[in-house]
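# Architecture and fold: a report
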Amino acid sequence: DAGITQSPRHKVTETGTPVTLRCHQTENHRYMYWYRQDPGHGLRLIHYSYGVKDTDKGEVSDGYSVSRSKTEDFLLTLESATSSQTSVYFCAISEPGTSGNEQFFGPGTRLTVL
Amino acid sequence: QQQVKQSPQSLIVQKGGISIINCAYENTAFDYFPWYQQFPGKGPALLIAIRPDVSEKKEGRFTISFNKSAKQFSLHIMDSQPGDSATYFCAAGAGGYNKLIFGAGTRLAVHP
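First, a word on scope: everything that follows refers to the structure included in this document. (Residues numbered from 1 in each chain as written. Chains lettered and ligands numbered in written order. Predicted model: local features only at pLDDT ≥ 70, side-chain atom pairs only at ≥ 80, totals over all residues. Heavy atoms only, no water.)

## Let's talk about the sheet that holds strand S6 (residues 56-59) of chain B
Residues and elements named next belong to chain B. Pairing within the open sheet is antiparallel, and its five strands lie in the order S1-S3-S8-S7-S6. Strands at the two margins of the open sheet, each flanked by one partner only, are strand S1 (4-7) and S6. Across the sheet, the mean angle from the axis of one strand to that of its neighbour is 15°, orientation sign disregarded. Looking at chain direction, strand S3 (residues 19-25) and strand S8 (residues 72-77) are connected through six bridges and run antiparallel. The partner of Asn22 across the bridge, within S8, is Ser74. (Pairing = 2+ DSSP bridges. Helix = DSSP H or I, 4+ residues; strand = E, 2+ residues; numbered from the N terminus. Axes fitted to C-alpha atoms, helices over the stretch in contact; angles between N-to-C directions.)

## Description of the state of the cysteines
Evaluated as defined, the whole model comprises two disulfides over all chains. A sulfur-sulfur separation of 1.9 Å characterises the disulfide bridge that pairs Cys23(A) with Cys91(A). Residues Cys23(A) and Cys91(A) are joined by a disulfide whose S-S torsion is about -70°; by sign, that bridge is left-handed. Remark: Cys91(A) occurs in strand S9 (residues 87-94) and Cys23(A) occurs in strand S3 (residues 19-25); sequence separation between them is 68 residues. We note that Cys23(A), like Cys91(A), is buried. Two residues, Cys23(B) and Cys90(B), share a disulfide whose sulfurs are 1.8 Å apart. An S-S torsion of about -95° defines the bridge between Cys23(B) and Cys90(B) as left-handed. (Disulfide = S-S within 2.5 Å. Buried < 20%, exposed > 50% of the residue type's maximum accessible area, 1.4 Å probe, protein only.)

## With respect to the nonpolar core
Formed by 25 residues in total, the largest nonpolar core has its most connected members in Phe33(B), Trp35(B), Phe73(B), Leu75(B) and Tyr88(B). Looking at this core, the elements with two or more residues in it are strand S2 (10-14), S3, strand S4 (33-38), strand S5 (45-50), strand S7 (62-67), S8, strand S9 (86-93) and strand S11 (106-111) of chain B. Of the residues forming this core, the biggest block, four residues, is contributed by S9(B). Cys23(A), Met32(A), Ile46(A) and Leu78(A) belong to the second largest nonpolar core, which has 18 residues in total. (Core = buried A, V, L, I, M, F, W, Y, C linked by side-chain atoms within 4.5 Å.)

## Remarks on the environment of Thr17(A)
Residues and elements named next belong to chain A. Tracing the backbone shows Thr17 in the loop between strand S2 (10-13) and S3. Assessed through its relative accessible area of 26%, Thr17 is described here as partly exposed. C-alpha of Thr17 to C-alpha of Val113: the two residues are 96 residues apart in sequence and 9.1 Å apart in space. Discounting chain neighbours no more than four positions away, the residues touching Thr17 are Leu78, Glu79, Ser80 and Ala81. Only 2.5 Å separates the side chain of Thr17 from the side chain of Thr13, close enough to count as a polar contact. Within polar-contact distance, the side chain of Thr17 engages the backbone oxygen of Glu14 at 2.7 Å. (Contact = heavy atoms within 4.5 Å. Polar contact = N/O pair within 3.5 Å; in protein donor to acceptor, adjacent residues only side chain to side chain.)

## As for the interface of chain A and chain B
Taken together, the 24 residues of chain A in the interface contact 18 residues of chain B. Together chain A and chain B conceal approximately 1800 Å² of surface at their shared face, both sides included; 54% is due to carbon and sulfur atoms. Three residues, Leu43(A), Asn101(A) and Phe105(A), lead the burial of chain A against chain B; their summed loss comes to 31% of the area buried on that side. The interface formed by chain A and chain B holds zero salt bridges in total. Scanning the region where chain A abuts chain B turns up five residue pairs in polar contact (both at pLDDT 80 or more). Elements represented by at least two residues in the side of chain A that touches chain B include exactly strand S4 (31-38), strand S5 (42-51) and S9 of chain A. (Buried area = accessible area lost by both parts, 1.4 Å probe. Salt bridge = Lys/Arg side-chain N within 4 Å of Asp/Glu carboxyl O.)

Laid out in structure tokens, this is it:
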């Protein structure tokens, strides 16, 4: 998985609790992304980062926040988890100017909100 | 419009047959069209990609056909094998930050 790890790999939590998912890369890629994958929807971009402390919203950002204090780490936080946020979350990385626009994906985190 | 529409949702092919998956887009600013392959429990992995300056790209048994005027592109898997059984996603990207819009996915099953 191109030097990308996600933690935790599985998590079960309750509605209303905060949850933080971590993505760690060893590739020194500048761009990082968080997606959610749901049946019938493919992958939808939640937030992305184009550098340390530089982040922006994707198409489904409501209820999520992100932070990137180091090149290698990109955190996704659900401030108050809801059942609609039950999903599989994927982190991806990309480096401008190399390998075209290719994004490399991590192994995913399966989150269940009860 | 940012949508990428993918069809069919699922596909069953016999071993040795041709698998064809189609995608359509609206945004003419898209300039990068990748296909990703995903096995159960794994993250998606790039299979093959094309840019709109060519109409076809082939890598082994996998071919992308691109029709710029119709705003459509398709993946052809020749001599399909049981090991090709996976979910396939088309995507489209444009401009900075390498952002991608994904189709809904096609679950392919290749029967022996």
